[in-house]
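Chains, contacts and geometry: an overview
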Amino acid sequence: MTEHVSYSALAVPSRRQLLDGIRTADHPLTVKELVTRTGMHPNTVRFHLEVLIEAGFVSGEPGRRHGRGRPQTIYRSVTPPVPASGYQFLSQVLAAQLDQSRAGGLAEEAGRSWLRPEGTPASPAPVADPVGAATTRALALFTELGFEPVGTSDSASGLIDLHACPFLDVAREHPDVVCGMHRGLLRELVDTTTPDVVAELVPFARPGVCVARLTRTLEGALPS
């Protein structure tokens, strides 16, 4: 089992600046463009990109070829920015309203819709280790949301312990709504990036800990 921890990826201000630059751009960026936008040294940019890719915040892929030689790598954000101000208050108000309507399924769809890209999503590129990729990206998302996640994965399954729900008080009062929304976030992320993996969120699986489970589907399972 390989342990994934993504807290440190966002601990460096310059790395956060780089991620913000990628997210606010209207197209994927090359290292040269990121150097121009941030003023950082190219080697610093490359180092931060490696950390952000490993943590699941950014992906790198070959760009269009111009002339001879290998095409430049372009970088795009994998996870969306998380709004900070007012989120706790807003969640309390909306959770209470949805709970009165018994709308747990609507809460999950709301989570999916928030993460769902605009327009027609690109088909996910195949990866050698879908569970590992899904675990890494889910860790990135939950880290930025403030869940203090710690995860492990192998080729068939992955587990993520969520140690600090930022909406714990609201979740205790309205678990169907709050946990349903977070389940929708997780499932949308997995469905759109690693469709060979199914995701489940188990609220309050242990005292103070919720658990996300990522499992390889039968269709995508490795041959025995």
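Note that the structure is predicted; figures quoted are calculated from it, not measured.

**With respect to the pairing of strand 7 (residues 209–216)**
Among the 8 residues of strand 7, 6 are classified as buried, and the element is accordingly described as predominantly covered. Inspection of the sheet shows strand 5 (residues 157–162) paired to strand 7 by 6 bridges, in the antiparallel sense. Bridge pairing in strand 7 places D161 opposite V211. Bridging between strand 6 (residues 197–206) and strand 7 involves 7 bridges; their strand directions are antiparallel. Of the residues in strand 7, the one forming a bridge with L201 is A212.

**Considering the nonpolar core**
Counting 21 residues, the largest nonpolar core has F142, I160, L162, L186, V190 and L214 as the members making the most contacts within it. Contributions of two or more residues to this core are made by helix 6 (130–145), strand 5, helix 8 (175–193), strand 6 and strand 7. The biggest single contributor to this core is helix 6, with 7 residues. Excluding its chain neighbours within four sequence positions, the residues that come into contact with I160 are T135, A138, L139, P149, V150, G151, C210, V211, A212 and L214. Core analysis: the second largest hydrophobic core is formed by 19 residues, L19, V31, L34 and L49 among them.

**Digging into unusual backbone geometry**
The phi torsion of most residues other than glycine is negative, and most of the peptide bonds are trans. Phi is positive for E148, which is not a glycine, with a value near 50°. Here E148 is to be found in the loop between helix 6 and strand 4 (149–153). Given a relative accessible area of 45%, E148 falls into the partly exposed group.

**Let's talk about the environment of L214**
Along the chain, L214 falls in strand 7. As a C-alpha pair, L214 and A156 span 58 residues in sequence and 8.4 Å in three-dimensional space. For L214, the residues in contact, after removing those within four places along its chain, are V131, A134, T135, A156, S157, G158, I160, L186, V190, V197, V198 and A199.

**Some thoughts on the side chain of R15**
Mapped onto the fold, R15 is located in helix 1 (residues 13–24). The charged side chain of R15 is buried without a salt bridge, its nearest counter-charge being E54 at 9.3 Å. The residues touching R15, leaving out its near neighbours within four places in the chain, are S8, A9, F47, H48, V51 and L52.

The rules behind each value
Residues numbered from 1 in each chain as written. Predicted model: local features only at pLDDT ≥ 70, side-chain atom pairs only at ≥ 80, totals over all residues. Heavy atoms only, no water. Buried < 20%, exposed > 50% of the residue type's maximum accessible area, 1.4 Å probe, protein only. Helix = DSSP H or I, 4+ residues; strand = E, 2+ residues; numbered from the N terminus. Pairing = 2+ DSSP bridges. Core = buried A, V, L, I, M, F, W, Y, C linked by side-chain atoms within 4.5 Å. Contact = heavy atoms within 4.5 Å. Lys, Arg positive; Asp, Glu negative; His and termini not counted. Salt bridge = Lys/Arg side-chain N within 4 Å of Asp/Glu carboxyl O.

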